[in-house]
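Structure at a glance
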Amino acid sequence: MSVSSEVAMDREQALAILKQDADKILQLIKVQMDNLTMPQCPLYEEVLDTQMFGLSREVHFAVRLQLISEETGKEILENLERQVSALHEAFQAQKSPE
């Protein structure tokens, strides 16, 4: 196996791992909302902040190793933020009186 194909595999693997970690955070948020944990709850916010910070550090590390581009890293984080925001909106709509 050539060095360039190993690097390509490393990049693909790094991207897959980052996406899996983002999905895990999204699933954690869904579970908390399904169990009626309010998004304004300090514990919920602490967990979300901690998880998002951890993922941002992983992304930063992968960018520094040149396994992913800075743009790809931003896309991963922004996509997760959009999905979490959509979950919050859906939760609020579900809980607000009609």
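Residues numbered from 1 in each chain as written. Predicted model: local features only at pLDDT ≥ 70, side-chain atom pairs only at ≥ 80, totals over all residues. Heavy atoms only, no water.

1. Some details on the confidence of the model for the protein chain
Looking at the protein chain, the pLDDT average stands at 84 and 87% of residues meet or exceed 70. Per-element mean pLDDT across the protein chain ranges from 85 in helix α1 (residues 3-34) up to 88 in helix α2 (residues 42-64). (pLDDT = per-residue confidence, 0-100. Helix = DSSP H or I, 4+ residues; strand = E, 2+ residues; numbered from the N terminus.)

2. Some thoughts on the nonpolar core
Of all hydrophobic cores here, the largest spans 19 residues; its most connected members are L18, I25, I29, L48, L55 and L80. Of all the secondary-structure elements, those providing two or more residues to this core are α1, α2 and α3 (70-95). With sequence-adjacent residues up to four places away left out, L80 is seen in contact with A22, I25, L26, M52 and L55. (Core = buried A, V, L, I, M, F, W, Y, C linked by side-chain atoms within 4.5 Å. Buried < 20%, exposed > 50% of the residue type's maximum accessible area, 1.4 Å probe, protein only. Contact = heavy atoms within 4.5 Å.)

3. Examining a negative patch on the surface
Taken together, E71, E75, E78 and E81 make up a surface patch of like negative charges. Relative to the helices and strands, E78 is located in helix α3. (Patch = residues over 30% accessible without salt bridge, like charges linked within 9 Å, V, L, I, M, F, W, Y side chains within 5 Å. Areas by Shrake-Rupley, 256 points an atom, 1.4 Å probe, with all protein chains shown as cover. Salt bridge = Lys/Arg side-chain N within 4 Å of Asp/Glu carboxyl O. Lys, Arg positive; Asp, Glu negative; His and termini not counted. Charge placed at Lys NZ, Arg CZ, Asp CG, Glu CD.)

4. Some thoughts on the environment of D34
Counting through the fold element by element, D34 comes out in helix α1. A relative accessible area of 63% means that D34 is categorised as exposed. When the C-alpha atoms of D34 and F91 are compared, they prove to be 8.9 Å apart, with 57 residues separating the residues in sequence.

5. Concerning the pattern of salt bridges
All told, the structure shown has one salt bridge when counted by the stated rule. Residues E70 and K74 are paired through a salt bridge, measuring 3.8 Å at the closest nitrogen-oxygen approach. Taken together, the residues E70 and K74, both in helix α3 and four residues apart, mark about one turn of the helix.

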